[in-house]
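Structural description and commentary
For reference, the chains in residue letters:
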Amino acid sequence: MNRLGRKASETLIEMAPSADGEESNGPLCETLSTAGSEVPSSTEQGLSSTETTLLIPDRQVIDKRHQSKDSIFFRDGVRRIDFVLSYVDDLNKEWEKKLERRKEFESNLQKAGLELETEDKKESEDGKIYFVKIHAPWEVLITYAEVLNIKVPIKENDIPSMVENPLDCMLTPFRLPEKVMHPEPDYFTAPFSKEKQELYLINDESTFFSPSMRNRIVNYILTRCPYGTEEGKKKFGIKRLLNNGTYSAAYPLHDCQYWKKASDPNCDNERYTLYMEWARFLRFYKEQPLDLIRKYYGEKIGIYFAWLGFYTEMLFLAAVVGVICFLYGLFTMDENMSSKEICDPAIGGEIIMCPLCDRECEYWRLNTTCESSEYSHLFDNVATLFFAIFMGIWVTLFLEFWKRRQARLKYEWDLVDFEEEQQQLQLRPEYEAKCTQKKKNPVTQEMEPYLPLTSQAVRFCISGTTVLFWVSLIIASMIAVIVYRLAVYAAFASLMENAQTLQPISGLLTPQLATSVTASCLNFVIIMILNFIYERIAIWITDMEIPRTHMEYENRLTMKMFLFQFVNYYSSCFYVAFFKGKFVGYPGAYTYMFNRWRNEECDPAGCLIELTTQLTIVMAGKQIWGNIQEAIVPWICNWWGRRKARNNPENLYSRWEQDHDLQTFGALGLFYEYLEMVIQFGFITLFVASFPLAPLLALMNNILEIRVDSWKLTTQYRRPVAAKAHSIGVWQEILNGMAILSVVTNAFIVAFTSDMIPRLVYYYAYSESDDSPMSGYINNSLSVFLISDFPERNKPKTNPEHFVICRYRDYRYPPDHEKKYLHTMQFWHILAAKLAFIIIMEHVVFIVKFFVAWMIPDVPADVKAKIKREKYLTQKILHEYELEKLKERLCQGDKRATEKEFIATEGRMELSRAM
């Protein structure tokens, strides 16, 4: 088949009105015509209707056994396979309809200029699957490169590189070879234009456009190619054909096997290089080859790994400071006066505490919580305050330095003038198909589909109601877990008191801790179940809204998923941090949930250790489960799918069959990766004051995450279609919002969840000993209750030691005071100190944050200079080219090339130089 050049009006670009003013029903600019087509019909080729196969020019039949299994070319060994479609010719009731769709679709692909070659099912490994290989010839590539505004090289970059840092030699062990880090030279680039082909550095038409560019162009055509009319509506797009089972898969090919190089010398072996230098865990200490990732997978995936790597690097500083704060708590554990008094038999052993539940629980001695009070000091100490302030500043540094890193990548990856609006604001094929009404665009003056306002309102109401219902369901599940905590506490208390086997660990495994751990595990299971269901609900309601563009679709889905995940993962932590133990009441006047279950109390050493437990279980559990889902599940699926192929000779298992047996990296693949990391970001910022080791856990997880993500993308998934992106998108705004919220949550955790403020108030205002200011704090923080004042509902069934009074955690007057059981003045002093601390901490951290953000420019100065220099040189090259073309026209006597036009062109060049 000869290459089929087409005019711009014959490309699959966008919807437009027909010449006579009537509205077009499909995504084509004009109806595809077969006039001038040199594609032989299937009848002329002597092939079946299911095999619209392109024969090679010399009609020679090539045995598949003589073709390398890693071949990424057509049978002629010249034309590169840019995309592959597969289908199973099953004889069910829709067989004829699917056959007709495929025939029409493949015919329209050929009319659009693509070249096809079909592999019969007899040649496939299982004898069931047909493979349609697609090649985009040069004429198609240059046409759509102009449509998609793809930038291509015009001159090698002559701007000097950055001055080498003297400390770079220390980083040599972490560096990768130069050919891996920078697989191709740096060029000045310009948007491709068919009329200026001689301007570009086109050395070889077959390699001028990289494989990622080629598969992006072919995918653009596939998503807009029609395949017929059904129910009076124009049907088009490979996505719809995949959904209705006409095709089973559509994917670009990896360039070789990941574990060894291809035998074909024309293969770049980039997949092999990525696996050897990036996707193996033993390379965890090495930098990432971002330029190679971008070249192979596209900018969108490249920017994700750049962000994840930068986030991991910044976590190293937070982890070091967190470990130092933890070590401070560890080394000062023996100096903690509060735990000393609790553990002292003469103090904590003589303090009788009021029962922690009604009727079933008994009086208990304070020193039974000795071990838990010692461990709580690990996280509840002065270093907690410092670390909370530090993390508030760290978040700002991370976000500001990421903006600078992102700006540098935009320059290096040629995304400075990339208009995401132009790429992302293209109408979604689904929007074009479902919106039957049209109106004139006030900017382009062209008819385009639109969704009526009434329809939008109805869809948004349904969507909003669904989201609110699921958020309410999460809150209901959290309340159920709280009820579980309240209901089982008495059972744990009774079990641990009577079970002799638990006596050796009774000091460490208290009823409070047992309840907290089991409730956290139950909460984690509920989180995973709800998350699994809601993911599908969120996609369904976003599809129902029919977003106009790809950007709108991603943003709406992101906000729905993040809102749900935020409530799902963080609600239990918010409960422990800000509600547990705050609305308990006091003995004789306890508060009850649903007038049945008595509200939980905090441990005498505070609720911070329980928040730490909750955070650790949910955060660590999510990370472990996430890695299992991302690595083990795809590996098992691929192993199961390839189990038959392992017994066949290698030369019968072709490149397209190998990739067909891999998992699909869907359009939302990166979305879930970002979501996972942003949820983790919330854990290490919103609640970090309760667990200084959270950044260390996140750091270790992310070191593994980078290699797991790279390994699965390189070895377990089909090659994704390349896509452009110049930033992390809406996730940047979400991170900014969480950074601001983290300052507030950590201030409240230090003030209301930890015991720091009550200790400071006692130290400065109520201490009675100059030699040991904190001695007596435990006795001061416990109020007295007269046991005879217990109502029958609360009074324990037995009081074998005939206690007269018991103590409880609060600041209230004793029973013999005229203000019996009312709050003391110390309570109000502590409350005022807590509120003052929150206001002061928030203002200090916010002032520092905004000052740091103001001090650090978003774009480095050297990048700004390089951008201006490159723009100037590029304009100069383009203007000189135009001037040369105009001179040629003048020399050839072109009457349209007037002297005034020549002078105007030179003047434009001078103006450009001046600017």
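Residues numbered from 1 in each chain as written. Predicted model: local features only at pLDDT ≥ 70, side-chain atom pairs only at ≥ 80, totals over all residues. Heavy atoms only, no water.

**Focus: the overall build of the protein**
Keep this limit in mind: Think of it this way: any DSSP run of H or I at least four residues long counts as a helix, any run of E at least two long counts as a strand, and we number them from the N terminus. Only protein chains enter the accessibility calculation, which uses a 1.4 Å probe; a residue whose area is less than 20% of its type maximum is buried, one above 50% is exposed, and one in between is partly exposed. Each accessible area is a Shrake-Rupley estimate made with a 1.4 Å probe; only the visible protein chains count as cover when residues are assessed.
On a plain count of helices and strands, the protein comes out with 28 helices and 18 strands. Within the protein, the fraction of its 915 residues that count as buried is 53%. A total of about 42700 Å² of accessible surface is found on the protein, and carbon and sulfur atoms cover 59% of it.

**Comments concerning the packing of helix H8 (residues 270–277) against helix H9 (residues 290–297)**
Counted only if it meets this: Helix axes use the C-alpha atoms of the stretch in contact, all axes being lines fitted to C-alpha atoms, and the angles between their N-to-C directions lie in the range 0 to 180 degrees. A clockwise turn of the near helix away from the far one marks a right-handed crossing, whereas an anticlockwise turn of less than a right angle marks a left-handed crossing. The criterion used for residue contact is that any of the two residues' heavy atoms lie within 4.5 Å. Classes in brief: Ala, Val, Leu, Ile, Met, Phe, Trp, Tyr, Cys and Pro nonpolar; Asp, Glu, Lys and Arg charged; the others, Gly included, polar.
Remark: H8 packs on H9, axes separated minimally by 11 Å, with the N-to-C direction vectors making an angle of 140 degrees. The handedness of the crossing between H8 and H9 comes out as left-handed. Together, Glu270, Arg271, Thr273 and Leu274 of H8 and Leu292, Ile293, Lys295, Tyr296 and Tyr297 of H9 make up the contact between the two elements. Class assignment of the residues belonging to the contact of H8 with H9 gives a composition of five nonpolar, one polar and three charged.

**Structural notes on the environment of Tyr296**
Applicable threshold: What qualifies as a polar contact is a pair of N or O atoms within 3.5 Å, subject to a donor-acceptor requirement within protein and to the restriction that residues adjacent in sequence count only when both atoms come from side chains.
Checked against the element boundaries, Tyr296 lands in helix H9. Counting along the chain gives 84 residues from Tyr296 to Ser212, while the straight-line C-alpha distance between them is 6.0 Å. Beyond its immediate sequence surroundings of up to four residues, Tyr296 is in contact with Ser212, His254, Asp255, Glu270, Arg271, Leu274 and Arg719. Engagement of the side chain of Tyr296 in a polar contact is seen with the backbone nitrogen of Asp255, the distance being 3.3 Å.

**A short note on the pattern of salt bridges**
Short version of the rule: A pair is scored as a salt bridge if a Lys or Arg side-chain nitrogen falls within 4 Å of a carboxyl oxygen belonging to Asp or Glu.
Under the definition given, this model contains 32 salt bridges. Across the pair Arg75 and Glu123 runs a salt bridge, and its minimum N-O distance is 3.2 Å. Taken as a pair, Arg75 in the loop between helix H1 (42–45) and strand S1 (83–88) and Glu123 in the loop between strand S2 (115–119) and strand S3 (129–135) lie far apart in primary sequence, 48 residues in all. With relative accessibility at 22%, the residue Arg75 sits in the partly exposed group. Exposure remark for Glu123: the relative accessible area of 31% places this residue in the partly exposed category. Here Asp82 and Arg214 are joined by a salt bridge, their closest N and O atoms 2.6 Å apart. In this pair, Asp82 is assigned in the loop between H1 and S1 and Arg214 in helix H6 (residues 211–222), connecting sequence segments 132 residues apart. In terms of burial, Asp82 and Arg214 fall into one category: buried.

**Here we look at the nonpolar core**
Note the threshold: Put simply, buried Ala, Val, Leu, Ile, Met, Phe, Trp, Tyr and Cys residues joined by side-chain atoms within 4.5 Å make one nonpolar core.
Judged by nonpolar contacts, the single largest core of 138 residues is most densely connected at Trp307, Tyr311, Trp394, Phe398, Tyr570 and Phe683. Of all the elements, helix H10 (residues 299–331) adds the most residues to this core, at 16 residues. Once residues lying within four places of it in the same chain are set aside, the contact partners of Phe398 are Trp307, Phe310, Tyr311, Met314 and Phe681. Core analysis: the second largest hydrophobic core is formed by 46 residues, Leu109, Tyr200, Phe209 and Tyr881 among them.

**Here's the deal with the pairing of S2**
Threshold: At least two DSSP bridges between two strands are needed for those strands to be called paired.
In terms of residue burial, S2 counts as a mostly covered element, since five of its five residues are buried. Side-chain alternation along S2 places Glu115, Glu117 and Glu119 on one buried face and Leu116 and Thr118 on a second face that is also buried. As judged from the five bridges shared by S2 and S3, these two strands associate in the antiparallel manner. Residue pairing across strands places Thr118 opposite Val132, the latter belonging to S3.

**Quick notes on the confidence of the model for the protein**
Rules: Known as pLDDT, the predictor's per-residue confidence is scaled from 0 to 100.
Scored by pLDDT, the protein has a mean of 81; 83% of the residues are at 70 or more. With pLDDT under 50 throughout, residues 1–66 is counted as low confidence; its partners more than four residues away or in other chains account for 120 contacts.

**A few points about the state of the cysteines**
Rules: In what follows, a disulfide is any cysteine sulfur pair within 2.5 Å.
In the structure shown here, the tally under the stated rule is three disulfides. Disulfide partner of Cys354: Cys806, at an S-S distance of 1.9 Å. Taking the sign of the S-S torsion, about 80 degrees here, the bridge from Cys354 to Cys806 comes out right-handed. You can see Cys354 sitting in the loop between strand S9 (352–353) and strand S10 (364–365) and its partner Cys806 sitting in strand S18 (residues 805–809), a full 452 residues away along the chain. Across the pair, exposure class does not vary: Cys354 and Cys806 are buried alike. Disulfide partner of Cys357: Cys361, at an S-S distance of 1.6 Å. Here the S-S torsion is close to 100 degrees, and the disulfide linking Cys357 with Cys361 is therefore right-handed.

**Some points on a nonpolar patch on the surface**
How we decide: Every patch collects residues that have over 30% relative accessible area and no salt bridge, joining them within 9 Å if they carry like charges and within 5 Å if they are nonpolar side chains (Val, Leu, Ile, Met, Phe, Trp, Tyr).
A cluster of nonpolar side chains, namely Ile624, Trp625, Ile628, Ile632, Val633, Trp635, Ile636, Trp639 and Trp640, defines an oily patch on the protein surface of about 900 Å² accessible area. Structurally, Val633 can be placed in helix H19 (residues 608–641).

**Quick word on the sheet that holds S1**
Spatially, four strands are ordered S2-S3-S1-S8 in an open sheet, and the strand pairing comes out antiparallel. The sheet is open, and its two borders are formed by S2 and strand S8 (249–251), each paired with just one other strand. The average undirected angle you get between the axes of adjacent strands in this sheet is 15 degrees. Where helix H2 (residues 95–111) meets the sheet, its contacts fall on S1, S2 and S3, and the angle it forms with S1 comes to roughly 165 degrees. Against the sheet, H6 touches S1 and S3, its axis set at about 45 degrees to S1.

**Concerning the packing of aromatic side chains**
Aromatic ring pairs are defined here through the distance separating the ring centres and the angle between the ring planes. Worth spelling out the cut-off: Aromatic pairs are defined between Phe, Tyr and Trp rings, using the six-membered ring for Trp, whenever the two ring centres lie within 6.5 Å; interplanar angles under 30 degrees are classed as stacked, those over 60 as edge-to-face, and all others as tilted. Whether a charge sits over a ring comes down to the Lys NZ or Arg CZ being within 6 Å of the ring centre and within 35 degrees of the ring normal.
The full count for this structure, using the stated rule, is 58 aromatic pairs. When the ring of Phe284 is compared with that of Tyr285, the centres are 5.7 Å apart and the planes differ by 85 degrees; the resulting orientation is edge-to-face. For Phe284, a relative accessible area of 41% puts it in the partly exposed group. The ring of Tyr87 carries Arg102 above its face, with NZ or CZ at 3.9 Å from the centroid. Residue placement shows Arg598 over the ring face of Tyr590; its charged tip is 3.6 Å from the ring centre.

**Section: the packing of helix H24 (residues 756–766) against helix H26 (residues 825–855)**
In plain terms, the rule: Angle categories: roughly parallel below 35 degrees, roughly antiparallel above 145, roughly perpendicular from 65 to 115, and oblique for all the rest.
Running from N to C, H24 and H26 cross one another at 120 degrees; their axes reach a closest spacing of 10 Å. On the basis of the axis angle, H24 is oblique to H26. Seen from above, H24 lies across H26 with right-handed handedness. Contacts between H24 and H26 involve Ile757, Pro758, Val761, Tyr762 and Tyr766 from the first element and Met825, Gln826, His829, Ile830, Ala833, Lys834 and Phe837 from the second. A per-class count over the contact of H24 with H26 returns nine nonpolar, two polar and one charged.

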